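# Examining the three-dimensional arrangement
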Amino acid sequence: MMNFVRLVWANVIAQHKNYFFNKSIYLSLFIWPVIGFINIYYSYKPFNNTVLLRKIGLQHDGEIYLYLLIGFVAMRFFYTLIQSAWQSSYLLRMSGTLELIYMSPSNRMGMLIGNSIASLFGSVWMFIIFSVGMIAFYRDFLNVNILSAIFSIILLCILAVIWGVFLNSLFLLSRDSGFLFTIFQEPTEMFTGAKLPFMHMPMWAKAIGYLFPLTYVIIVLRKSLMYNTGISNLLQEYVICILIGAILMIVSYLMMRAGEKNAIKNGTATLF
Amino acid sequence: MIEVRGLCKTYVTKESKGFFKTNKNYLKAVDNLSINIKKGEITGLLGINGAGKTTTVKMLSTLLEPTRGDIIYDGMDIKKNEKIIKSKVNMIAGGERMIYWRLTAKENLKYFGSMYGLHGKYLNERIDYLLELVGLQDKKNIPVEKFSKGMKQRLQIARGLINDPDYIFLDEPTLGLDIQIAKEMREFFLELVKKQDKGILLTTHYMKEVEELCRYIYILNEGKLLTEGSVEDITKMSTTEDGNLEDVLLMMAKEVSIENKEVI
């Protein structure tokens, strides 16, 4: 177990140093999400939001921005991993280090988890600081259930890491899986309820949204932070989150195995 | 000792015939190869481009699955003991890949050491020892992207020795290095064999390197073993007066090419 943890940590450090080699990257990590949020903010601002507020059970105008901010922060956790997973698999192939990993007796899941953790926390911490500041600004509209909020935030982190593992294994499966980048990127933003209230989306959009773990995470985060909903009332959503996480881990493991088997059979680990 | 018996590798490639149709092509890269690699000596695997050298090295290092044949490491079948064998081998290739350029020399070795379950004091000591060995101790905290080609190659060697492997595969390890560094590398490999009893398989296009390092060589062409023997015995096959290994290799490749044309 300790060896596995050390391996995960070694990958976290290596990937972090590979991607965050220049301090200007941190500026970009901060600016782009903030611009994204400002974009959403001003998309809603010109309209009379009274109807929307009533539909999602809120009272004040400020609440809608807190509602959007929570969705947007959670979305950034997942969104950032799509890009970094693709970059990471490309770097592994291009630098020839994927061959060295396959040649070693190391646990491959350790590598995937380490990559995912490094990408996630390296990419979102600047935005988290901004978001905490914004949430503090809108604190009057918070209606937090502390216990379920803590549980929901932990769930957000774990599910985002698992999402990263899933994407990393997908990109390892085939070097031509770059098209999945588009398939995952837009729906993550559009159909998970990050920018629009999920329950008021059309049925077909909901059907797509239900496939993404982010959808459930946004629901539990908003309910625990804004509607004072306790763990017992969120049990169903939590169970779904855990189930989806478990399924994603199993699928990731199988894809990772299939990717390695295919590379060892055809000698494709060095192709990029 | 590594015993290789009847090793074959056939690659399947797809050739596009219009938008919907693809044809499968079969390329026999290694054909019924049998070789031995002993500890305490450097064995050479020679041949012109496309002879099957790198494919063989990859199969021996568990990076490629053979289509047929057996690879036995110190009495252990590679198929049944893959994990144990993976911890006993490593590969050093020429060129500037297989290391992370944005990491320092020390960080690279730490990362690759962790792949073999090494950690703590032992890993740090091993890193210091290897960096000292390859002459990079005072450059250990510099990102690899700032290294010269020779320094990168030396780091590759340290990386290839991080798990203290019993067998090392050298795939054109002095590719692109100047004569001074290449000479240093050769001396280093000889020391590894003599002092640490490593078993080394060397593939290279530099015949001088083979003459200087290898005790026994195998010559491949189009995946098949053409001949084997000591460097002296093979050199004697040369038809020229001041015969050398290069002449023999060229002569053999030419003969095979003529035979193939006659068959066609």
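That block above? That's the structure.
To keep things clear, this report deals only with the structure shown in the data block. None of the values given here were measured: they were computed from a predicted structure.

## Regarding the overall build of chain B
Within chain B one finds nine helices and ten strands. Overall size of chain B, expressed as C-alpha extent along the three principal axes, is 60 × 55 × 40 Å. Taking all 264 residues of chain B together, 51% fall into the buried category. Long-range contacts, defined here as pairs at least 24 residues apart, represent 69% of the contacts in chain B between residues at least 6 apart. Roughly 12,800 Å² of accessible area belongs to chain B as shown, and the carbon and sulfur atoms make up 50% of that amount. The average position of the 41 basic charges and that of the 39 acidic charges among the side chains of chain B differ by 7 Å.

## Remarks on helix H6 (residues 179-196) of chain B
Residues lying three or four places apart along an α-helix face the same way, a consequence of the helix completing one turn every 3.6 residues. Residues and elements named next belong to chain B. Between its terminal C-alpha atoms H6 stretches 25 Å, which fits the 26 Å expected from 18 residues at 1.5 Å a residue. Inspection of H6 places Ile 181, Ala 182, Met 185, Arg 186, Phe 188, Phe 189, Leu 192 and Val 193 among the buried residues, and these make up the whole buried set. Buried residues of H6 fall within an arc of 160° about the axis and therefore sit on the same side. Across from the buried face of H6, at angles greater than 90 degrees, the exposed residues are Ile 179, Gln 180, Lys 194 and Lys 195. Where H6 is buried, its residues touch strand E3 (42-46), helix H4 (120-133), helix H5 (149-160), strand E7 (167-171), strand E8 (199-203) and helix H7 (207-213). One or two positions beyond H6, positive phi appears at Asp 197, with a value near 60°.

## Some remarks on a positive patch on the surface
On the surface, Arg 257, Lys 261 and Lys 265 of chain A together with Lys 14 and Lys 24 of chain B cluster together into a patch of positive charge. With three residues, the top contributor of residues to the positive patch is helix H11 (residues 231-266) of chain A. Following the sequence through the fold, Lys 14 of chain B ends up in strand E1 (residues 2-17).

## Describing unusual backbone geometry
Residue and element names in this part refer to chain B. Phi at Asn 32 takes a positive value of approximately 55°, unusual for a residue other than glycine. Its location among the elements puts Asn 32 in strand E2 (residues 21-37). Non-glycine residue Thr 62 carries a positive phi angle of around 70°. As for its placement among the helices and strands, Thr 62 is situated in the loop between helix H1 (53-60) and strand E4 (68-73).

## Overview of the sheet that holds E2 of chain B
All names here are of chain B. If you trace the four strands from one edge of the open sheet to the other, you get E2-E1-E4-E5, paired in antiparallel fashion. If you trace the sheet from one side to the other, it starts and ends with E2 and strand E5 (76-77), each paired once. In this structure, E4 lies alongside E5, joined through two bridges in antiparallel fashion. Bridge assignment links Ile 72 to a residue of E5, and that residue is Asp 77. H1 rests against E1, E2 and E4 of the sheet, and its axis sits at about 115° to E1.

## Side note on the pairing of E8 of chain B
Residues and elements named next belong to chain B. Most of E8 is tucked away, with five of its five residues classed as buried. Alternating positions in E8 separate into two faces, Gly 199, Leu 201 and Thr 203 on one and Ile 200 and Leu 202 on the other, with burial throughout. Pairing of E3 with E8 involves four bridges; the strand directions are parallel. Along E8, the bridge assignment pairs Ile 42 with Ile 200. Note that E7 and E8 share five bridges and pair parallel. Note on E8: the bridge partner recorded for Ile 168 is Ile 200.

## Focus: the environment of Tyr 19 of chain A
The topology assignment puts Tyr 19 of chain A in helix H1 (residues 2-19). Aside from chain neighbours lying at most four places away, what touches Tyr 19 of chain A is Ile 25, Gln 87, Ser 88 and Leu 91 of chain A.

## A few points about the sheet that holds E3 of chain B
Where strands meet in a sheet, backbone hydrogen bonds hold them as pairs that are either parallel or antiparallel. All names here are of chain B. Across the sheet, which stays open at both edges, the six strands sit in the order E6-E7-E8-E3-E9-E10 with mixed pairing between neighbours. Where the open sheet ends on each side, the last strands, each with one partner, are strand E6 (89-93) and strand E10 (224-230). The mean angle between the axes of side-by-side strands here comes to 20°, regardless of whether they run parallel or antiparallel. On top of the sheet, H1 reaches E3, E6, E7, E8 and strand E9 (216-221); it is set at about 155° to E8, its chief contact.

## Considering the environment of Ser 169 of chain A
Residue and element names in this part refer to chain A. Along the chain, Ser 169 turns up in helix H7 (residues 146-173). Along the sequence, Ser 169 and Tyr 253 sit 84 residues apart, while their C-alpha atoms lie 7.5 Å from each other. Among all residues touching Ser 169, those that are not within four sequence positions of it are Leu 112, Ser 252, Met 255 and Met 256.

## Some remarks on the interface of chain A and chain B
With 33 residues of chain A at the interface, the matching set in chain B holds 28 residues. Seen at the junction of chain A and chain B, the total is two salt bridges. The salt bridge partner of Lys 17 of chain A is Glu 107 of chain B, with a shortest N-O separation of 2.5 Å. Where chain A touches chain B, the interface holds ten residue pairs in polar contact (both at pLDDT 80 or more).

Calculation criteria
Residues numbered from 1 in each chain as written. Chains lettered and ligands numbered in written order. Predicted model: local features only at pLDDT ≥ 70, side-chain atom pairs only at ≥ 80, totals over all residues. Heavy atoms only, no water. Helix = DSSP H or I, 4+ residues; strand = E, 2+ residues; numbered from the N terminus. Buried < 20%, exposed > 50% of the residue type's maximum accessible area, 1.4 Å probe, protein only. Contact = heavy atoms within 4.5 Å. Areas by Shrake-Rupley, 256 points an atom, 1.4 Å probe, with all protein chains shown as cover. Lys, Arg positive; Asp, Glu negative; His and termini not counted. Charge placed at Lys NZ, Arg CZ, Asp CG, Glu CD. Expected span 1.5 Å × (residues − 1). Arc of directions from axis to C-beta. Patch = residues over 30% accessible without salt bridge, like charges linked within 9 Å, V, L, I, M, F, W, Y side chains within 5 Å. Salt bridge = Lys/Arg side-chain N within 4 Å of Asp/Glu carboxyl O. Pairing = 2+ DSSP bridges. Axes fitted to C-alpha atoms, helices over the stretch in contact; angles between N-to-C directions. Polar contact = N/O pair within 3.5 Å; in protein donor to acceptor, adjacent residues only side chain to side chain.

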